[in-house]
Amino acid sequence: MIDRYGRKIEYLRMSVTDRCNLRCIYCMKEGGVCKRCHSDILSIEELTDIARAAYALGVRKIRLTGGEPLVRKGILTLCKNIKAIDPMIELGMTTNGSLLKEYAGKLKESGVDRLNISLDTLNAETYHTITRRGNLSDVLDGVKAVQNAGFVRTKINTVLIGGVNENDILDMMRLAENDDLQVRFIELMPMDIVRGWDKSRFISVDVVEQHLHSAELIGYDGVARIYRPTGYKGTVGVISPLSRSFCDRCNKIRVTADGKLKPCLHSGEEIDLRGLSGEALTAAILQGVDSKPKCHRLGEYHTDTARNMNEIGG
Ligand code: SAM
Ligand code: SF4
C-alpha cells in the first residue's frame, strides 16, 4: 500500500483494549476510562479479521497495544491467530511491563517476536508518581523475565517529562550498558489530558542527545534515531515527534480498541471498521491509507484527535 505522498504502509498498530491497570499522568485520568461495554470493543475474531485483511494488503508488521494489552482477555489467542496468518509477520507488543513476570514465557510461546516496555524512571517514588499505582520492581522483574524467556533487542520506552524525570536520563541510558536493550526517549505529546500542561513539561530530545555527542550514530530504527555509546552492549534512541517530525517516514496505520482506523495518530479522521468484512473491510483500510495526512501539527502543540493515548495505543 502506497499512500498519496509515496509512503509505503506496512505497519499496523492495534489497540486491543482502552483499559489499564496503571493510570499514567500523561495518558489516563485518575478515575480511569468510562467503561465501554465489552460489545463496544473489537472481539478477538474481529481483531484477527482486520489483521488478516491488512496482511493481504501488504502489512508485514503488527503491534498490539492498548490500554494495557496484557489485561485483555484472549490476548494470547490473538497473538497465535496473527502468527497463524503468516509466521513471517513481525509481531510486537507494547506493554507497561507490570505483568510480564507472569506473561513473558507465554508471549514467547504464542509467537510474539518483539516487546516494547514502557518505563520512565528507575526511581521507585517517581515511578509511582507517574503511574499513580505501579511498582517499579514489577517492571524490573518483567524486564528480567523477558530476557530469560529469550526475547532479544527489547525496547524500553521512556517519555520525557520536564521537571519529573529529566534528571533520570543517564540512569535510564545505563540500562543498555551491559544488556541487549534499546532505551528510547520519546517527547511528550499534547494529547487531551496534557493539553493544559505548562510548556516546561514538554522537553526536546536535545537534552538526551547532549549526553550522546561522543556516541556512534548508527542510523534509524523506524522513527527512532539510534546511537551506541562507547562500550555499550545495547543502544540508545530518540523519538522526536515535536521537535523534529518524522512524518515523511511514517509507515503506520492504527486501529482503536473500538474499531476505528486512524490514518494518523494525531488526525481527527476515523474510519469505522466494525461490522465490515471481505471487500468492504479491504476498501475501508485502503480509504484510511489514502487519507493519511502529510504531517501533523504537533510542533505547534496541536493535535486534531480528541482521544487520549490509552484509546489509540501510542
Ligand atoms: N500500556 C502500554 C504501555 O504503557 O506501554 C501500551 C499503551 S501506551 C498508551 C503506549 C505508549 O504511549 C507508552 O509508551 C506510553 O508511555 C506512551 N504515551 C502515553 N501517553 C503519552 C503522551 N501523552 N505522550 C507521549 N507518549 C505517551
Ligand atoms: Fe496504561 Fe500505558 Fe497509558 Fe500508562 S501509558 S496509563 S500503562 S495505557
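Check the entry above for the structure.
Report on the accompanying structure. Within any chain, residue numbers begin from 1 and follow the written order of that chain's sequence. By the order in which they are written, chains take letters starting at A while ligands take numbers starting at 1. Side-chain atom pairs in this predicted model are given and counted only at pLDDT of 80 or more, local residue features only at pLDDT of at least 70, and totals for whole chains, interfaces and linings cover all residues. The basis for every side-chain value is the complete set of non-hydrogen atoms in the structure, without hydrogens or water.

1. Regarding the overall build of the protein chain
Working definition: helices are DSSP H or I runs of at least four residues, strands are E runs of at least two. Numbering for both runs from the N terminus. Across its full length, the protein chain carries nine helices and 12 strands. Partly exposed describes any residue whose relative accessible area lies between the buried limit of under 20% and the exposed limit of over 50%, with all areas from a 1.4 Å probe on protein chains only and scaled to the type maximum. Residue burial in the protein chain is summarised as follows: out of 314 residues, 55% are buried. Any two residues whose heavy atoms approach within 4.5 Å are treated as being in contact. Long-range pairs, those at least 24 residues apart, make up 73% of the contacts in the protein chain with a sequence separation of at least 6. For the protein chain, the exposed surface amounts to about 13600 Å²; the carbon and sulfur share of it is 48%. For the charge count, each Lys or Arg is scored as positive and each Asp or Glu as negative, with His and the chain ends excluded. Note on charges: their place is set at NZ of Lys, CZ of Arg, CG of Asp or CD of Glu. For the protein chain, the distance from the average site of its 45 positive side-chain charges to the average site of its 41 negative ones is 2 Å. Areas reported as accessible are Shrake-Rupley estimates using a 1.4 Å probe. Residue values count occlusion only from the protein chains shown.

2. Remarks on the nonpolar core
For our purposes a nonpolar core is just a set of buried Ala, Val, Leu, Ile, Met, Phe, Trp, Tyr and Cys residues, chained together by side-chain atoms within 4.5 Å. With 94 residues, the main nonpolar core has M14, Y26, I62 and L64 as its most contacted residues. If you tally residues by element for this core, the top one is helix α1 (residues 44-56), at six residues. Setting aside anything within four residues of it in sequence, one finds L64 in contact with M14, V16, P69, I75, L78, C79, I82, L91, G92, M93 and T94.

3. So, the side chain of K155
Topologically, K155 is positioned in strand β5 (residues 154-160). Given a relative accessible area of 11%, K155 falls into the buried group. Only 3.3 Å separates the side chain of K155 from the side chain of D221, close enough to count as a polar contact. Once you skip the residues sitting within four places of it in the chain, K155 turns out to touch L115, N116, I117, Q182, R184 and D221. Whenever two N or O atoms come within 3.5 Å, that pair is a polar contact, provided that in protein one can donate a hydrogen and the other can accept it, and provided that, for residues adjacent in sequence, both atoms are side-chain atoms.

4. Points about the side chain of E209
Turning to its location among the elements, E209 is positioned in helix α7 (residues 206-209). Among all residues touching E209, those that are not within four sequence positions of it are R225, Y227, V238 and R244.

5. Some details on the state of the cysteines
In plain terms, two cysteine sulfur atoms within 2.5 Å form what is called a disulfide here. As enumerated under the stated definition, the model contains zero disulfides in all. Here C79 stays free of any disulfide, with the sulfur of C20 as its closest cysteine sulfur at 17 Å.

6. Regarding the packing of aromatic side chains
Note on aromatic pairs: the rings of Phe, Tyr and Trp (six-membered ring only in Trp) are paired at centre separations within 6.5 Å, and the planes decide the class, stacked below 30 degrees, edge-to-face beyond 60, tilted for the rest. If you walk through the whole model with that rule in mind, you get zero aromatic pairs. Across the ring face of Y103, the terminal group of K106 is positioned such that the distance to the ring centre comes to 5.3 Å. The rule is short: NZ of Lys or CZ of Arg within 6 Å of the ring centre and within 35 degrees of the ring normal puts a charge over the ring. Positioned above the aromatic ring of F151 is the side chain of K108, whose terminal nitrogen or guanidinium carbon lies 4.7 Å from the ring centre.

7. As for the sheet that holds strand β10 (residues 252-255)
Pairing is mixed in the open sheet, where 12 strands are placed in the order β7-β8-β9-β6-β5-β4-β3-β2-β1-β10-β11-β12. Looking along the sheet, the strands with just one partner apiece sit at the ends: β7 (216-221) and β12 (271-272). Only strands that DSSP links by at least two bridges are regarded as paired with each other. Two elements, β5 and strand β6 (residues 181-187), share seven bridges in a ladder whose sense is parallel. If you follow I156 over to β6, its bridge partner there is V183.

8. A short note on the pattern of salt bridges
By definition, a salt bridge exists where a carboxyl oxygen of Asp or Glu is found within 4 Å of a side-chain nitrogen of Lys or Arg. This model, assessed by the stated rule, comprises 18 salt bridges. Of the charged contacts, one joins R7 and D3 as a salt bridge, the two residues approaching to 2.7 Å between their closest N and O atoms. Judged by its relative accessible area of 5%, D3 is buried. The partner of K262 in a salt bridge is E270, with the nearest N and O atoms 3.3 Å apart.

9. Focus: the site of ligand 2
When we say a residue is near a molecule or strand, we mean one of its heavy atoms is within 4 Å of it. Taken together, C20, L22, C24, C27, M28, G67 and N96 make up the full set of residues adjacent to ligand 2. The classification used treats Ala, Val, Leu, Ile, Met, Phe, Trp, Tyr, Cys and Pro as nonpolar, Asp, Glu, Lys and Arg as charged, and all other residues, Gly among them, as polar. For the shell around ligand 2, a count of residues per class yields five nonpolar, two polar and no charged.

10. Observations regarding helix α3 (residues 100-109)
Listing the buried residues of α3 in full gives L100, Y103, A104 and L107. For α3, the buried positions fall inside an angular range of 125 degrees around the axis, keeping them on one side. When the buried face of α3 is taken as reference, the exposed residues oriented beyond 90 degrees from it are K101 and E109. Those residues of α3 hidden inside the fold are in contact with α2 (75-85), β3 (90-95), β4 (114-118) and α5 (136-148). What the arc covers is the set of directions going from the helix axis to the C-beta atoms.

11. Comments concerning unusual backbone geometry
Of note in this structure, R132 is not a glycine but carries a positive phi near 65 degrees. Taking the relative accessible area as the measure of exposure, R132 reaches 25% and is therefore partly exposed. Positive phi outside glycine occurs at R153, with the angle close to 45 degrees. Structurally, the position occupied by R153 is in the loop between α5 and β5. Judged by its relative accessible area of 47%, R153 is partly exposed.

12. Examining the packing of α3 against α5
Here the axes come from fitting lines to C-alpha atoms, over the contacting stretch only for helices, and the angles between their N-to-C directions go from 0 to 180 degrees. Running from N to C, α3 and α5 point in directions that differ by 20 degrees, and their axes come no closer than 8 Å. With respect to α5, the element α3 is oriented roughly parallel. Considering the relative orientation of α3 and α5, their crossing is right-handed. Note on element contacts: α5 touches α3 through D141, G142, A145 and V146, opposite L100, K101 and A104. Each angle receives one of four descriptions, namely roughly parallel if under 35 degrees, roughly antiparallel if over 145, roughly perpendicular if within 65 to 115, and oblique otherwise. Here a crossing is taken to be left-handed if its near helix is turned anticlockwise relative to the far helix by less than a right angle, and right-handed if that turn runs clockwise.

Nothing here speaks to function; it is all geometry.
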